Amino acid sequence: MTFPAQRPRRLRRTELLRGMVRETRLSVAGFVYPMFVCPGSNVRQEVSSMPGVHQQSVDRIVEECREVAGLGIPAVILFGLPETKDAAGKSSLSATGVVQRAIEAIKKAKLNLLVMTDVCLCEYTDHGHCGVIENGEVANDATLEILAEQALSHARAGADVLAPSDMMDGRVAAIRNKLDANGFSETPILSYAAKYCSAFYGPFREAAQSAPQFGDRRSYQMDPGNVREALKEVALDLEEGADMVMVKPALPYLDVIRAVRERFDVPVGAYNVSGEYAMVKAAAQKGWLDEKRVVLELLTGIQRAGADIILTYHAKDAAKWLKT
Ligand code: PBG
């Protein structure tokens, strides 16, 4: 059967019809809002390349978490800007570190909100790499124990979900074993399984003060041309005990999200990263794009590609827009 019996436009005539037959219903239920915790009190400093996103002290983080929870967003993910940095990222392990104190404060506020944490060394090392350096290279195995200790310290502080983003081989197993051996067998891991070496992390490195001081991250983050390798990374992380997996960034890698969704029966996350956010913000500020429509369209695209969970700096705006 074809035209004139077939007229696809019949189902596009009114918003009620379109809404009824819509295949992807973008929902706040999968949103995660990323936040940057810094030392001090009553600090709230906007990140210049990420309008609307701030580096904040623990007290102000709790305030914004109240707003986030009030919007129906189920989770935040925390990144830390520590007081001190050293070669091994030791300050990431402190029970009184910025992230650990933020977790405790948010949990104490008894909000209806999951607290996830990014587990990585790059914000805590003086060289800015995601692992320790041996002979001029980022050393895989020597990094695992520190990552596991960091994850444990987040769990002890009360983190609900741990999200390792370092891309060292074997880190999910190292973290899972450490958690299980210390009474945290119920704490889930969301691994940044397929994390690409991307230029779209630029603004984040300003926000988290984590730019590598020499070289780049190509020896541990994935090459942008690869999708089979992403499936291998996901398979390995799941074997090692990851409960959920993530693809990052999101927009240039929608095919990777789709491939992971089709191959694995676990919750799939996608990180709509800082550079993706900054592009939209800059164009919107110039009046070149309709921010609301663009954001809802791109988040719908990420969900349609197969993501159950979307980490996005647009989460608060999108939550408000989805309500009205
Ligand atoms: C830490 C980490 C990064 C991001 C999340 N965790 C930066 C990086 O790997 O360089 C990027 C997030 C974003 O750009 O929004 N390893």
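Note that the coordinates shown come from a computational prediction; the quantities given were computed from them, not determined experimentally.

### A closer look at the overall build of the chain
Link 1 in the chain: Along its length, the chain carries 11 helices and 12 strands.
Link 2 in the chain: Relative to the globule expectation of 20 Å for 324 residues, the C-alpha radius of gyration of the chain, 20 Å, shows essentially globular dimensions.
Link 3 in the chain: Dimensions of the chain, computed from C-alpha atoms along their principal axes, come out at roughly 70 × 45 × 40 Å.
Link 4 in the chain: The burial tally for the chain puts 53% of its 324 residues in the buried class.

### Some details on the site of the ligand
Link 1 in the chain: Around the ligand, 19 residues are found, and the nearest of them are Lys195, Arg205, Lys248, Ser274 and Tyr313.
Link 2 in the chain: With respect to the ligand, the side chain of Asp118 contributes an N or O atom lying 3.3 Å from a nitrogen atom.
Link 3 in the chain: The side chain of Tyr313 places a nitrogen or oxygen atom 2.6 Å from an oxygen atom of the ligand.
Link 4 in the chain: Taken by itself the ligand offers 400 Å² of open surface, and the protein chains cover 100% of this.
Link 5 in the chain: Counting only elements with at least two residues in the shell around the ligand, the list comes to strand 9 (190–195) and helix 6 (202–207).
Link 6 in the chain: When its residues are assigned to classes, the shell around the ligand shows 11 nonpolar, three polar and five charged.

### Focus on the pairing of strand 10 (residues 244–248)
Each regular strand carries side chains that alternate between the two faces of the sheet.
Link 1 in the chain: Burial of strand 10 is extensive: five of the five residues sit out of reach of the surface.
Link 2 in the chain: Residues Met244, Met246 and Lys248 line one face of strand 10 and the alternating positions Val245 and Val247 line the opposite face, and both faces are buried.
Link 3 in the chain: Here strand 9 runs beside strand 10; their pairing, made up of four bridges, is parallel. Its bridge partner being in strand 10, Leu190 is matched across the sheet by Met244.
Link 4 in the chain: Across three bridges, the pairing between strand 10 and strand 11 (residues 268–272) is parallel. Within strand 11, the position partnered with Val247 by the bridge is Ala270.
Link 5 in the chain: Each parallel crossover has a hand, and for strand 10 linked through helix 8 (residues 254–263) to strand 11 it is right-handed.

### Regarding the packing of helix 9 (residues 274–285) against helix 10 (residues 291–305)
Link 1 in the chain: Direction vectors running N to C along helix 9 and helix 10 enclose 160°, while the axes themselves pass 10 Å from each other. With respect to helix 10, the element helix 9 is oriented roughly antiparallel. For helix 9 against helix 10, the interelement crossing comes out right-handed. For the pair helix 9 and helix 10, the contacting residues are Val280, Lys281 and Ala284 in the first and Glu291, Val294, Val295 and Leu298 in the second.

### Observations regarding the packing of aromatic side chains
Link 1 in the chain: Counted under the stated rule, the structure contains eight aromatic pairs.
Link 2 in the chain: Measuring from ring centre to ring centre gives 5.4 Å for Phe36 and Phe79, while their planes differ by 25°; the resulting arrangement is stacked. Here the residue Phe36 occupies a position in strand 1 (residues 31–37), and Phe79 occupies one in strand 4 (residues 75–80), the gap between them amounting to 43 residues. Note on accessibility: Phe36 and Phe79 belong to one class, buried.
Link 3 in the chain: Note on Phe36 and Tyr313: the rings are 6.3 Å apart at their centroids and 5° apart in plane angle, and the pair reads as stacked. Of the two residues, Phe36 is situated in strand 1 and Tyr313 in the loop between strand 12 (309–312) and helix 11 (315–323); the sequence distance between them amounts to 277 residues. Both residues of the pair, Phe36 and Tyr313, belong to the buried class.
Link 4 in the chain: Three or more aromatic residues joined by ring pairs form one cluster here, namely Phe36, Phe79, Tyr192, Phe204, Tyr271, Tyr277 and Tyr313.
Link 5 in the chain: The ring of Phe204 is capped by Lys248, whose NZ or CZ atom sits 6.0 Å from the centre of that ring.

Parameters at a glance
Residues numbered from 1 in each chain as written. Predicted model: local features only at pLDDT ≥ 70, side-chain atom pairs only at ≥ 80, totals over all residues. Heavy atoms only, no water. Helix = DSSP H or I, 4+ residues; strand = E, 2+ residues; numbered from the N terminus. Rg over C-alpha atoms; globule rule 2.2 N^0.38 Å. Buried < 20%, exposed > 50% of the residue type's maximum accessible area, 1.4 Å probe, protein only. Near = heavy atom within 4 Å. Polar contact = N/O pair within 3.5 Å; in protein donor to acceptor, adjacent residues only side chain to side chain. Areas by Shrake-Rupley, 256 points an atom, 1.4 Å probe, with all protein chains shown as cover. Nonpolar A, V, L, I, M, F, W, Y, C, P; charged D, E, K, R; others polar. Pairing = 2+ DSSP bridges. Right-handed = clockwise from strand over helix to strand, strands pointing away. Axes fitted to C-alpha atoms, helices over the stretch in contact; angles between N-to-C directions. Parallel < 35°, antiparallel > 145°, perpendicular 65-115°, else oblique. Left-handed = near helix turned anticlockwise from the far one by under 90°. Contact = heavy atoms within 4.5 Å. Phe/Tyr/Trp six-rings, centres within 6.5 Å; stacked < 30°, edge-to-face > 60°. Lys NZ or Arg CZ within 6 Å of the ring centre and 35° of its normal.

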